[in-house]
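Given next are the chains, with one letter for each unit.
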Amino acid sequence: MRRFFGRHALWAETSAARKKLTLNRSDRMSSRALRFVALLVSAPSLLLAQGPRKVITQDTYDIWRSISQPTLSANGEWAVYTLTPTVGDGEFIARSTSGTTEHRAPRGWTGRPLTSVTGTPFSAAPARITGDSKYAVFLRYPTKAAMDSARARRARPADQPKNALSILSLADGRVTSVEKVRGFEMARDGGRYVVYQVDADSTPAAAANGARGGAGAGAAPRAAGAGALAPADSARPAARRKDAGAPLIIRELATGSEVRIEGVTNYVLDDNERWLVYSVTGADSLGVDGVYARDFATGTTTALKKATGNYRSLALDEAATQVGFVTDADQWKDSTPRFALYHASLGAKGRAPQPATLAVAAHAPVLGEGQRIAERGGVSFVKNGGVLRFNVQPVPADSIPADSLAENAVVDLWHWRDTRLQSMQRLQVGQDRNRSYAAVWHVTSRQARRIANDSMPNIQLSDDGRTAVVVTNVPYQIDAISGEGGNDIHVVNTVTGASRVVAKRVRGSGQLSPGAKYITWWENKNWQVHDIAANRTRNVTEMIHNFSFEREIHDTPSEPTPWGVGGWTNGDARVLIYDRYDIWEIDPAGVAAARNLTDGEGRKNNLTFRLADLDPDERAYDASKPLMLRAFDNATKHAGVYRDRVGAATAPERLVMAPKSWPVLQKARKAERYLVARADHREYPDLWTGESLDRLTKITNAMPEQAQYSWGDVELVKWLNGDGVELEGLLYKPEGFDPSKKYPMLVYFYEQLSDNLHNYTRPAGRNIINPVVYNSLGYLVFMPNIRYTPGYPGPSSVKSIVPGVQSLIARGIVDAAKVGIGGQSWGGYQTSYIITQTQMFAAAVPNATVVNMTSAYGGIRWESGVERAIVNYERGQSRIGGSLWEFPERYIENSALFYLDRVTTPVLFMANDNDGAVPWYQGIEFFVAMRRLGKEAYMVNYNGDAHNPRKYANQKDIDRRMQEFFAAKLLGAEEPEWMKSGIPYVEKGRGR
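In short, a report on the structure. (Residues numbered from 1 in each chain as written. Predicted model: local features only at pLDDT ≥ 70, side-chain atom pairs only at ≥ 80, totals over all residues. Heavy atoms only, no water.)

1. A few points about the pattern of salt bridges
If you walk through the whole model with that rule in mind, you get 58 salt bridges. As a salt-bridge pair, Arg312 and Asp243 come within 2.8 Å of each other at their nearest N and O atoms. Placement of the pair is Arg312 in strand β16 (residues 311-316) and Asp243 in the loop between β10 (193-198) and β11 (246-252), with a sequence separation of 69 residues. Both residues of the pair, Arg312 and Asp243, belong to the buried class. Note that Arg879 and Asp555 form a salt bridge whose closest N and O atoms lie 2.9 Å from each other. With a gap of 324 residues between them, Arg879 in the loop between α15 (868-874) and α16 (888-893) and Asp555 in the loop between β32 (536-539) and β33 (565-568) connect regions that are remote in the sequence. On the basis of relative accessibility, which here comes to 1%, the residue Arg879 falls in the buried class. (Salt bridge = Lys/Arg side-chain N within 4 Å of Asp/Glu carboxyl O. Helix = DSSP H or I, 4+ residues; strand = E, 2+ residues; numbered from the N terminus. Buried < 20%, exposed > 50% of the residue type's maximum accessible area, 1.4 Å probe, protein only.)

2. Brief notes about helix α17 (residues 920-932)
A turn of α-helix holds 3.6 residues, and therefore any two residues three or four places apart point the same way. The terminal C-alpha atoms of α17, which comprises 13 residues, lie 18 Å apart, in line with the 18 Å expected from a rise of 1.5 Å per residue. Buried residues of α17: Gln922, Gly923, Phe926, Ala929 and Met930, and no others. On an axial view of α17, the arc spanned by its buried residues comes to 135°, and they lie on one face. Counted as exposed and oriented over 90 degrees from the buried face of α17: Tyr921, Arg931 and Arg932. For α17, the elements touching its buried residues are α13 (826-834), β50 (843-847), α14 (853-857), β53 (907-910) and β54 (937-940). Positive backbone phi, approximately 75°, marks Gly934, located one or two places after α17. (Expected span 1.5 Å × (residues − 1). Arc of directions from axis to C-beta. Contact = heavy atoms within 4.5 Å.)

3. A few points about the nonpolar core
Core analysis: the largest hydrophobic core is formed by 57 residues, its most contacted members being Ile769, Tyr774, Tyr779, Leu908, Phe965 and Phe966. The element contributing the most residues to this core is helix α18 (residues 952-971), with nine residues. Setting aside its immediate chain neighbours within four residues, Ile769 contacts Leu746, Val747, Tyr748, Tyr774, Val781, Met783, Gly822, Met962 and Phe966. Val717, Leu731, Ala911 and Ala929 belong to the second-largest nonpolar core, a separate cluster that totals 51 residues. (Core = buried A, V, L, I, M, F, W, Y, C linked by side-chain atoms within 4.5 Å.)

4. Observations concerning the sheet that holds strand β36 (residues 595-596)
Strands sit in the order β33-β34-β35-β36 across an open sheet of four strands; the sheet is antiparallel. Either end of the sheet is taken by a strand with one partner, and the two such strands are β33 and β36. Sheet topology places strand β34 (residues 575-578) next to strand β35 (residues 583-586); four bridges connect them, and they run antiparallel. Of the residues in β35, the one forming a bridge with Ile577 is Trp584. (Pairing = 2+ DSSP bridges.)

5. Let's talk about the pairing of strand β7 (residues 164-169)
Summarising burial for β7: six of the six residues are buried, a large majority. Taking every second residue as pointing to the same face, both faces of β7 are buried, with Ala164, Ser166 and Leu168 on one and Leu165, Ile167 and Ser169 on the other. As paired strands, strand β6 (residues 135-140) and β7 are joined by six bridges and run antiparallel to one another. Bridging from a neighbouring strand, Leu139 pairs with Leu165 of β7. Hairpin connection of β7 to strand β8 (residues 175-179): five residues between the antiparallel strands, including Gly173 at a positive phi of 80°.

6. A closer look at the environment of Ser776
Relative to the helices and strands, Ser776 is located in helix α11 (residues 771-776). Ser776 sits in the buried class, given a relative accessible area of 0%. Distance in space between the C-alpha atoms of Ser776 and Lys54 is 8.2 Å, their sequence separation being 722 residues.

7. Let's talk about the packing of helix α12 (residues 793-810) against α13
How two helices sit against one another is set out by the angle between their axes and by the gap between those axes. It is the contact of α12 with α13, at a shortest axis distance of 9 Å, that shows an interaxial angle of 80°. Considered as vectors, α12 and α13 are oriented roughly perpendicular to each other. Residues Pro793, Gly794, Pro795, Ser797, Val798, Ile801 and Val802 of α12 form the contact with α13, whose own contacting residues are Trp826, Tyr829, Gln830, Tyr833 and Ile834. Split into classes, the residues belonging to the contact of α12 with α13 amount to nine nonpolar, three polar and no charged. (Axes fitted to C-alpha atoms, helices over the stretch in contact; angles between N-to-C directions. Parallel < 35°, antiparallel > 145°, perpendicular 65-115°, else oblique. Nonpolar A, V, L, I, M, F, W, Y, C, P; charged D, E, K, R; others polar.)

8. Quick look at the pairing of β50
A large share of β50 lies buried, amounting to five of its five residues. Alternating residues of β50 divide into Ala843, Val845 and Asn847 and Ala844 and Pro846, and every residue in both groups is buried. Here five bridges tie strand β49 (residues 814-824) to β50, and the two strands are oriented parallel to one another. Across the sheet, residue Ile821 finds its bridge partner in β50, namely Ala844.

9. Points about the packing of aromatic side chains
Evaluated as defined, the whole model comprises 32 aromatic pairs. Judged by centre distance (6.1 Å) and plane angle (55°), the rings of Tyr311 and Phe325 are tilted. Of this pair, Tyr311 sits in strand β16 while Phe325 is found in strand β17 (residues 322-327), placing the two residues 14 residues apart along the sequence. Residue classification places Tyr311 among the buried residues on the basis of a relative accessible area of 1%. (Phe/Tyr/Trp six-rings, centres within 6.5 Å; stacked < 30°, edge-to-face > 60°.)

Purely spatial values, then, with no claim about function.
Take a look at the structure:
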């Protein structure tokens, strides 16, 4: 092993003398004029040199706003979005796309960072615009001040501030609010009504026109009162419980008149605002329970089924002519009632809905022995409405009372033939208990059939529901442990039940085409297409010579994946397939020759073209209309949009191409109007709009305060790695960068980051090096790409990164004595390894690092429960290429632990004890070894937190410590107290 170290020890210091570094022409010219002067300054003097702009601090992170959930109205005349700070109250904004009119309304506390390590990140519900583009409707949340006050006084849940519904009139900006609203729905193409639920204890507001629950012929009867106790019912076991209902309000947007319906548990409305279907549970069991359909046009309500019980999984077909649901009403008096599937016809226009009829009984033979209809498995119609899909699941086993386990052994048995480790089973126990399998009920023939089961669990249904594709990896789950798994693909006729195998043990997963004529999958470096009617499989890419459809840049010891399928054209006429650069249109029937849709312009000009899906409601592309293509220049990193046509013999038409990124690209549903976000390193991703992508108008100015802060620039740099291969990376430079000075520099990396040249980075702080923040503090930040040699990830990182740093030192812009390095996770591993091979770095922060591949190899990724051996080491990111028994030397040679005696770099690193990706004991091994060797090391453990800290206070804490550590080691700042004397256990949590 030491022979390996001898070959690579201090490689960086000698490689420059052996190999001439290559610089860009502009770099060579500028380097001749550089003055090599020492920059012996402290952090404050660095900041003074930048001018009057503010330095970005942790307080700055909190105020930085984001534009979230931008969307266009159907007619394209309005763009709406939420403007929210990292911490604090947000604002809803509606902006005219053709003028300067803008309406604003409070959105409440939308900037909610996590305050605990177990919480769920908050995301505001998207605003909705009515189909007629007249109103914007959204939830308004309590303010941060109100929530803080409730927390301070320890308010009960019932007394906590509640959400409200806000209705904004786009014509005049008037906002109407309704308090204590749980959620709402609107018809996509409607505009007359909004339907919302309020808390069960809400009292009806005074009606302007006197309309209330029960209005209209046949209205559902109301419960005796919200929260009323049900009278004793000797015919029903006391243990039976009903789903909790809440009042449902139907509000007419133009007039404000409302209808209130009590005890609603579920509701759904169709896209065209014709029907509202809802289920009701009455607290007093007076026969109110049931499913009802309300005709929006007449206000008439019809009972589809009325009987005591629970009603779940309401479904409307796309044409709004049918309803499906499940209920246990038929067996409500049984001790363990099961659910049955019901179907109802809403009738053609002008005809009254028909009562629901039993489709599949609770004990129907088609379900199978020991099976039941899944009560929460979902019910849905296929696109054309001919088939109702539902789910079947095993009857649950009797639960074991906890007190019966007191005297028994409670044991996990890890069996060598288990397809899933006990650790995975533990995490997936909820999924296993609720797992269900697809079945179908044909509306016309009224026949039901199970399609999926535990050996063939995953299906795709055609739009008419008559064809199903089943993909299963079950036969190969044991083989998958060693990386030799696969999938079988079956096609099933859901009418007759006939099934046949289409492909065996393929690496890819079969996908049904939108028209259900074909199945596609990836196998043996080519795309296969199976013609279902003809029962014939064709390799559709093998005749396209000199082109690869697999990822030729794949660099892990696993089978390369394909670039992918972009989609299909209408009628399954063409399948659109990607290579690295271009898009191919291929006739799946094999009649027409394959042709390059983008006419080879991508490969010729080093551009990557990909389809832009601007109509998510359509499953296939209309070949008669232009296709919008996203484009990326792999050399300059410019991005933009092109236009092309299927079958066109002309090159793609460029609409816009610029040194920008375009994180948002939308089109109005019913108008030729676009909404985009445009950004680069300095340009905030504000919204722009226009009738053409080459003529856009900016309509937001979300973060004008950015101009007050020090903000640098970024450039693409290139160099030769240790094998003479040209690499590229990003160099972020402080504002006012002076090429005649030498700056302190931080190096941060992962694998390939240079494509982010024109991306916007918001100031933020956590366990990574944010280039905007550190530029503001006076550092250069270098993000180099890495080229990997299979079997040697550690040396690959050294051979890539160290020459890159040397090339920048050679330009005279880097103080060689003030270079720090840091990374997170895989970047942390590489950082810990690199500092064992070079003395170049004066400080290192290898967070969540693996230092010993031999001990990490046999571990578990506890967040998913999978073993690390295959996922990480043999075939995955660690790129060793085989097992510990095949290549023991590689596991040792690539592990920093065995070379820590050579380290001269001080380290600070984070290792959290609830890290589900990297075992925190890797941090223990690292720290104990460094301490034993007398090396300077500081380990931070955020108790109970994850691989990347979830709690916002922890994120800011590690960010602060990283800044203080680098300042002390690279800028000569005074060491903080925690570096001088640590934090005694008895002083934990006191802000030290």
